[in-house]
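Residue strings, one per chain:
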Amino acid sequence: MERSGKRKKALTVKGGSKMKTWSTTGTICFLILSYTGIVTAWSHSSVQVHRDIDRIQLKYGLSGTPRAAVSQSPLFQQRRRVSGVIRAAGATSSTSTGEPSSDKKANRLAQIKSEGGKLAFSTKYGALNPYAVFYGLTSIFLGIAWYMEMMACKVMYFLTRNKFDPKRRLPIFFSQVWGETLMFLTRAYPKVENRHILKEFYKTGKAAMFVANHNSWQDIPYLGYTIGWRNYKIIAKKELEKVPILSSAIIQGGHVIVDRTNRRSQLMTLKNGMKWLQEGVHLCTFPEGTRSRSGRLQPFKNGAFKMAYKVGAPVIPLSIVGAGDVMPSTWMFPKSASKNIAKVVVHEPIYPEGKTEEEMANEVRQAVISGLPENQRPLD
């Protein structure tokens, strides 16, 4: 017992000496780092002073004057005061911009909760709430099967050298299945007004260009649901080729891809779009070119109706209402179901006969505006 007590005492003394050693070492390191920081700051300040002196000597021809004399001159002192004011102003500015940043985050979170409820939250990819999470998981789960179907189509087209299903009807069918199933499970169906116009038009067997306003990602499934189980191609921007799963559907479905930065690509888009219309395949486009962040209808891009005009195909205007309320631009997925919120208004077909391309575009625009509520109409 005595020997065991001595051993414990020795270990305690040894441990205590180690703690003292580590404490002393830490103190020394802290002093060294502090001294290094002070010396670095002083040397930086000294270098900055010498640079200011050199600038004054060079600017006013005082290269022969000693630095000590220049540093005592009123000109140098004034320059140093101005530099100090500028640095202080910069620090104040950075501090002041930091405060609004935190306020902006707080305001952003308050806005998200007012839009999506108390359980809504923000992520770096966009806002979410329980419904948005449910919608996202459902779309991803269904998207796995959708992606596998697109890969099967890719293999089939490769083996048959595109001789099977040359109009790419099969990928459009699979995409429609994915969209309709997703909207059914998440109650995301919009209300469609004047559907009888489409039923009557489909009886003619002609192809048309569908034109709609665009202020939400939901516009695309709403557009597909409105057109129904038909073969159609969407004029899509090249950036969508980077979106997982969706990019496979765009490529395999034969949709018309346009690169806004490439003039040659724009000409190929025109050629491909005209080819589809001539073969009896519908085209869909959002003539604003991109989503409207304000929700109001933006000006139409030049040449948006050139394909239909050159072929002589009619244009069917669609007014999409409330899509931005279902899924605002700052949300990752829709924040609520579409029932009693979103709707699509179908307008009578507009034919190009007897009209210039500009007159046709203006008539289409007015038709789209007529179906929009006041808060989505353009201000001009």
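Everything quoted here is computed from the prediction, not taken from an experiment.

**Q** For this particular structure, what's the right way to read the sheet that holds strand S6 (residues 256-258)?
**A** Consider a sheet: its strands pair through backbone hydrogen bonds, and that pairing is either parallel or antiparallel. As summarised here, the arrangement of the seven strands in space is S3-S9-S8-S4-S7-S5-S6, forming an open sheet in which the pairing is mixed. Looking at which strands have only one partner, the edges of the open sheet turn out to be strand S3 (191-193) and S6. Direction aside, the axes of adjacent strands within the sheet are offset by 20° on average. In the sheet, strand S4 (residues 209-212) pairs with strand S7 (residues 282-285) via three bridges, with the strands oriented parallel. Residue methionine 209 lies in a different strand from S7, and its bridge partner there is leucine 283. In this fold helix H9 (residues 263-278) packs onto S4, strand S5 (232-237), S6 and S7, with an angle of close to 165° to the strand it touches most, S6. The strands touched by helix H12 (residues 357-370) are S4 and strand S8 (315-321); relative to S8, the strand with the most contacts, the crossing angle is about 30°.

**Q** Please clarify how a nonpolar patch on the surface should be interpreted in this entry.
**A** Residues Ile140, Ile144, Tyr147 and Met148 make up a contiguous nonpolar surface patch of about 410 Å² in total accessible area. You can see isoleucine 140 is positioned in helix H4 (residues 130-159). By relative accessible area, isoleucine 140 is classed as partly exposed at 48%.

**Q** Looking at this structure, how should I read the nonpolar core?
**A** Among soluble globular proteins, nonpolar side chains are generally buried collectively. If you look at the biggest cluster of nonpolar residues, it comprises 32 residues, and the most contacted ones within it are Phe210, Ile316 and Leu318. Every residue in contact with phenylalanine 210, bar those within four places of it in the chain, is listed here: Leu198, Tyr202, Leu223, Ile227, His282, Leu283, Cys284, Thr285, Ile316 and Leu318. In terms of nonpolar packing, the next biggest core, distinct from the first, is built from 29 residues, Val211, Met274, Leu283 and Ile369 among them.

Rules of the game
Residues numbered from 1 in each chain as written. Predicted model: local features only at pLDDT ≥ 70, side-chain atom pairs only at ≥ 80, totals over all residues. Heavy atoms only, no water. Pairing = 2+ DSSP bridges. Helix = DSSP H or I, 4+ residues; strand = E, 2+ residues; numbered from the N terminus. Axes fitted to C-alpha atoms, helices over the stretch in contact; angles between N-to-C directions. Contact = heavy atoms within 4.5 Å. Patch = residues over 30% accessible without salt bridge, like charges linked within 9 Å, V, L, I, M, F, W, Y side chains within 5 Å. Areas by Shrake-Rupley, 256 points an atom, 1.4 Å probe, with all protein chains shown as cover. Salt bridge = Lys/Arg side-chain N within 4 Å of Asp/Glu carboxyl O. Buried < 20%, exposed > 50% of the residue type's maximum accessible area, 1.4 Å probe, protein only. Core = buried A, V, L, I, M, F, W, Y, C linked by side-chain atoms within 4.5 Å.

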